[in-house]
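Chain by chain, the residues run as shown.
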Amino acid sequence: MATEELPSQFDVVILGTGLTESVIAAACSRVGQSVLHLDRRSYYAGNWASFTFNGLLSWIEEYKNQQEVPTTESEQVWRSLIDEGEDLMPLSSVDSSISNLEVFCYASEEEEKEEDPTVSLPSSQPENTQTTSEETNSDSTEEQETVTTDDPIEAVVKTQKEGDEVFEPTEEKAIPEISDSRQSQEEKEQQPISSPADPPVEKITYQKLLKEGRRFNIDLVSKLMYSRGALVDLLIKSNVSRYAEFKNISRILTCRNGKVEQVPCSRADVFASKQLTVVEKRMLMKYLTFCLDFEQHPEEYQDSSEKPFMEFLKTKKLTENLQDFVLHSIAMVSEETPTEEGLKATQHFLRCLGRYGNTPFLFPLYGLGEIPQCFCRMCAVFGGIYCLRHSVQCLVVDKASNSVKAVIDTRGQRISCSHFVVEDSYIRDEQRQSTSYRQISRAVLITDRSVLPSESEQQISLVTVPSLESSTPAIRMVELCSSSMTCMPGTYLVHLTCSSSGSAQEDLAPVISRLFHVPSSPGEEPEEGAEERSKPAVLWVMYFNMRDTSALDSSSYSLPNNVHLCTGPDARLGSDYSIKLAESVFHHLLPDEEFCPPAPNPEDIVYDGDGSQAEGAGFDDTNNTEGDNIQAEEGGVAQEKSPSAESSEASENTESTTQETPLETTAQTTPTDE
């Protein structure tokens, strides 16, 4: 296939495989458009990608080398492919969206004592789930139990214990079908996962990280999925949820006065909290109940709607403790945020509680990079063509209409198209009206234990670290355990994110040194009795800044009429901006078509003798099937899928994957329309 030419005509050519571009590709392919989806990288998902540890090291080297290699253009060759009345618009061949990349290793560099492992050469290909071995999956799930259901969807989420009351509209309740199994699983989770012999904790060296590198899935961007957010709703509506699995965020933490504390989310958490007095519990309950339907009580907030949210919280006579919880860990906004915006953020948080568990958030197993790949697979199933390490060198623009007629790829082939969708990083500076961007500061840490140890080591935590100064942004931290399939057992993967005020290291290093023990030399341990011994030790850390162009619109670029721009990841916790942007671009392309209609379930597809297929029942008509049919249907689609991997294949190799409930079963028993 590498030497064969591509078809010369497509309805839509899409450059970049990030989340927004992948959703657009899936939506266009689903309604019958011919789609060519390209990416100059050797991996899917762009800046949304997930890497193994070795793959990330290789990506770092490739990125640094890319900055040193000057781009060369062959305009004479290109011009031989254009006709009179056409012009060329070259695209960038270098990705400049990442900057200030710094890596530090603090793990001991001593050799492995047990054996001399042969470490395979790193690859920049993000580790996909079908290459994850059965041993890897079983290590993290051998003591966990599967809740069986009759739903054919492969997506699963971790649920919370039975009996937790949550703030939610009265017509939307927890799922009765799975409530009987929650308590037994909670009891099992309270027991630390350990071997029968309880061996001593093994020291983690750098060689150990390399040896176990395939167990890591490290995201370039750190985001969570609101259970009632646009991304979850789209996954359910389109049936793409069956390609992935999800785990519930088990706790929300905050850092106050140098101490990490758990934030009470549900009604049960509020009354069980030891951080709050009885009076504070009543005040918090009253305030959160008001936030659920604050629009019905305009007299209580209209006078303050344009004032800072912090001032409004003070007028509600909340204590300083409660103000901190609401502002930083529930609404997750700044002190200067307008009151009405803060109330809407609080309301959204509360309405997301209870859909899949005791917190509002989900996380995809094997990392966020799985989600773009799921949409790429849907596009491929409906006929989309994918090429990695293949890009577009320039656009052929019709001078009269100022629209793109064709593209010229890196092999010199001219490909005609009606629409061109492109990721922002492919656009040159000369095509931008403004080159002033916001930046996101990111840090990725591998640590040896949790910032807040508990009886269960398998906790996924969202931690909010308020800014020390009013001029600096609050920092969001997500701590992932090994059962999320993103790190090896005995370690935690920690993501820190904030809006940039300087380089990533300048923004985040002070917080890291406050919450973690950062050795002064590799392998150094703190002195006996020192305060640092109580902190998790940093084994490895990477800092970088990522460009955030979400504030820019089409007027910020000088582009042809039928070129549709997709920005990269933004600084927000959720992915609603990217999904809404994808929907907006789709409706510009095809205003009369439905955005991502439900894909037919594999068991509903009827294959004729000539290989044609008829669309079966949609999402609302999903029938119950046995577990064996799930594997059979996945096998039936495998020949059509994209080169990317899907999490569902890994789940077939795993006997059980955390306490589970199908994503779509929940959607059918709980109204999805807000």
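All of these numbers come straight from a predicted model, not from anything done at the bench.

(A) Summary view of the overall build of the chain. A count of helical and extended segments in the chain gives 18 helices and 23 strands. Scored against the burial criterion, the 674 residues of the chain give a buried share of 58%. Put simply, of all contacts in the chain between residues at least 6 apart along the chain, 78% involve residues at least 24 apart. Element-wise, carbon and sulfur atoms account for 46% of the exposed surface of the chain, whose accessible area totals about 28,000 Å².

(B) Region of the structure containing the confidence of the model for the chain. Per-residue pLDDT for the chain averages 79, and the proportion of residues at 70 or more is 73%. Considering only residues more than four positions removed or in separate chains, one finds that residues 117–156, a stretch of pLDDT under 50, has 126 contacts. In this model residues 664–674 is a low-confidence stretch, pLDDT under 50, and it forms 30 contacts with partners more than four residues away in sequence or in other chains.

(C) Quick look at unusual backbone geometry. One non-glycine residue, K317, adopts positive backbone phi at about 60°. Locating K317 in the fold gives a position in the loop between α10 (309–315) and α11 (320–330). Classification of K317 by relative accessible area gives exposed; the value is 68%. At R389, a position not held by glycine, the phi torsion is positive, near 55°. For R389, the location among the structural elements is in the loop between β12 (385–388) and β13 (392–398).

(D) Structural view of the environment of D87. Mapped onto the elements, D87 comes out in strand β4 (residues 86–90). Leave out the neighbours within four places in its chain, and D87 touches R79, L395, V396, V397 and K399.

(E) Focus on empty space enclosed by the protein. Overall, the coordinates contain 4 cavities of 30 Å³ or more when judged by the stated rule. Estimated volume of the largest cavity: approximately 110 Å³. For the largest cavity, the lining is made up of 15 residues, of which N47, E423, T567, G568 and P569 are closest to its centre. Here the residues of the lining of the largest cavity are counted per class, giving 3 nonpolar, 8 polar and 4 charged.

(F) View of the sheet that holds strand β10 (residues 259–262). Strand order in the open sheet formed by 8 strands is β5-β20-β16-β19-β18-β17-β9-β10, with mixed pairing between adjacent strands. Both edges of this open sheet fall to β5 (98–105) and β10, since each of them pairs with a single strand only. With strand direction ignored, the average angle separating the axes of adjacent strands in the sheet is 20°. Pairing of strand β17 (residues 461–465) with strand β18 (residues 475–480) involves 5 bridges; the strand directions are antiparallel. Bridging across to β18, V463 finds its partner in M477. Contacts between α11 and the sheet are confined to β9 (251–256), β10 and β17, with β9 contributing the most and set at about 125° to the helix.

(G) Layout of the side chain of E423. Assignment of secondary structure puts E423 in strand β15 (residues 414–423). Residues in contact with E423, not counting those within four places in the same chain, are L15, G16, T17, E21, R41, L565 and C566.

(H) Up close: the nonpolar core. Core analysis: the largest hydrophobic core is formed by 122 residues, its most contacted members being W59, Y287, F309 and F375. Here this core takes 8 residues from helix α13 (residues 370–381), the largest share from any one element. In this structure, F10, L15, M89 and C387 belong to the second largest nonpolar core, which totals 24 residues.

Parameters at a glance
Residues numbered from 1 in each chain as written. Predicted model: local features only at pLDDT ≥ 70, side-chain atom pairs only at ≥ 80, totals over all residues. Heavy atoms only, no water. Helix = DSSP H or I, 4+ residues; strand = E, 2+ residues; numbered from the N terminus. Buried < 20%, exposed > 50% of the residue type's maximum accessible area, 1.4 Å probe, protein only. Contact = heavy atoms within 4.5 Å. Areas by Shrake-Rupley, 256 points an atom, 1.4 Å probe, with all protein chains shown as cover. pLDDT = per-residue confidence, 0-100. 1 Å grid on protein atoms, 1.4 Å probe; cavity = no way out; pocket = protein on both sides within 12 Å on 5 of 7 lines; lining within 4 Å. Points joined across faces, edges and corners; volume = space filled by probe spheres on them. Nonpolar A, V, L, I, M, F, W, Y, C, P; charged D, E, K, R; others polar. Pairing = 2+ DSSP bridges. Axes fitted to C-alpha atoms, helices over the stretch in contact; angles between N-to-C directions. Core = buried A, V, L, I, M, F, W, Y, C linked by side-chain atoms within 4.5 Å.

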